[in-house]
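Geometric and topological summary
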Amino acid sequence: MQRWRHHAMNESTRSPLIVYCDRGGMSNAVKKLRRRGIIRTIQGPYERRLRGAGNAIPSLVTADSTDLTADSTMLISDMHYSPKHSNIVEIIADPSNLKRTRNDALHLDSAVKSHAHAFVTSDKRDIVRHREKLESLLNLRIFHMPLEERQFLGWIDKKRNET
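About the thresholds
- Residues numbered from 1 in each chain as written.
- Predicted model: local features only at pLDDT ≥ 70, side-chain atom pairs only at ≥ 80, totals over all residues.
- Heavy atoms only, no water.
- Buried < 20%, exposed > 50% of the residue type's maximum accessible area, 1.4 Å probe, protein only.
- Helix = DSSP H or I, 4+ residues; strand = E, 2+ residues; numbered from the N terminus.
- Pairing = 2+ DSSP bridges.
- Right-handed = clockwise from strand over helix to strand, strands pointing away.
- Contact = heavy atoms within 4.5 Å.
- Salt bridge = Lys/Arg side-chain N within 4 Å of Asp/Glu carboxyl O.
- Axes fitted to C-alpha atoms, helices over the stretch in contact; angles between N-to-C directions.
- Parallel < 35°, antiparallel > 145°, perpendicular 65-115°, else oblique.
- Nonpolar A, V, L, I, M, F, W, Y, C, P; charged D, E, K, R; others polar.

Some points on the pairing of strand S4 (residues 118–121)
- Neither face of S4 is left uncovered, since the one carrying Ala118 and Val120 and the one carrying Phe119 and Thr121 both have all their residues buried.
- In this sheet, S4 lies alongside strand S1 (residues 17–21) in parallel orientation, the contact comprising three bridges. By the bridge assignment, valine 19 is partnered in S4 with alanine 118.
- As a crossover connection, the stretch from S4 through helix H5 (residues 131–138) into strand S5 (residues 141–144) is right-handed.

Below, the structure written as structure tokens:
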């Protein structure tokens, strides 16, 4: 019991890693890490809200964004693309589905603007497929959930041991 208490105290004194979650990325392991205070999950306003995820700094937000309401607390001055947005679009562009490209680029851009350490997603088609280029450009790790949950947990442990 004493050992567990000491471990829990150490967890709470560290700054949590910021993990951007799209809707499919919120696995049980991610939820458990959030509850323990090891990570802080964030999400942009581009799809229905995930319970427990905080607000990411938005990329461009338009009236058709899923979670934009009159009482939203987002600052209008934050609602613009980052300098990396056009590069993101260039990497993930799918001419057959421009709406999906736009949405994926907004999620990734919000993660960058929010200084996320990792991006968890269930999107293999546009994001995970281009992971190497995106990680290099954006300076964040991308994990597919649930297939890469073990790698994600290993990465979390490694990052926590670095600090």
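Examining the side chain of histidine 130
- Tracing the chain through its elements places histidine 130 in the loop between S4 and H5.
- With near-sequence residues (within four places) excluded, histidine 130 lies in contact with Ile91 and Ile92.

Regarding the pattern of salt bridges
- Counting across every chain of the model gives six salt bridges.
- In this structure, the salt-bridge partner of arginine 100 is aspartate 126, at a minimum N-O distance of 2.5 Å. You can see arginine 100 sitting in helix H4 (residues 98–113) and its partner aspartate 126 sitting in the loop between S4 and H5, a full 26 residues away along the chain. Comparing arginine 100 with aspartate 126 shows no difference in burial state: the two are buried.
- A salt bridge links glutamate 162 to lysine 159, with the shortest nitrogen-to-oxygen separation between them at 3.6 Å. Note that glutamate 162 and lysine 159 are positioned in helix H6 (residues 149–162) at a spacing of three residues, about one turn of the helix.
- Connected through salt bridges with shared partners, the residues Asp94, Arg100, Arg125 and Asp126 form a single ionic network.

Topic: the sheet that holds S5
- Reading across from one edge, S3-S2-S1-S4-S5 is the order of the five strands in this open sheet, with parallel pairing throughout. Of all strands in the sheet, those bounded by a partner on one side alone are strand S3 (54–55) and S5.
- Where helix H2 (residues 28–35) meets the sheet, its contacts fall on S1, strand S2 (39–43) and S4, and the angle it forms with S2 comes to roughly 120°.

Considerations on the packing of helix H3 (residues 85–92) against H5
- Where H3 meets H5, the axes come as close as 10 Å, and the angle between the chain directions of the two elements is 170°. Accordingly, the angle class assigned to the pair H3 and H5 is roughly antiparallel. Of the residues in H5, those in contact with Asn87, Ile88, Ile91 and Ile92 of H3 are Lys133, Leu134, Leu137 and Leu138.
- Taken together, the residues that form the contact of H3 with H5 break down as six nonpolar, one polar and one charged.

Distances and angles like these do not, on their own, reveal function.
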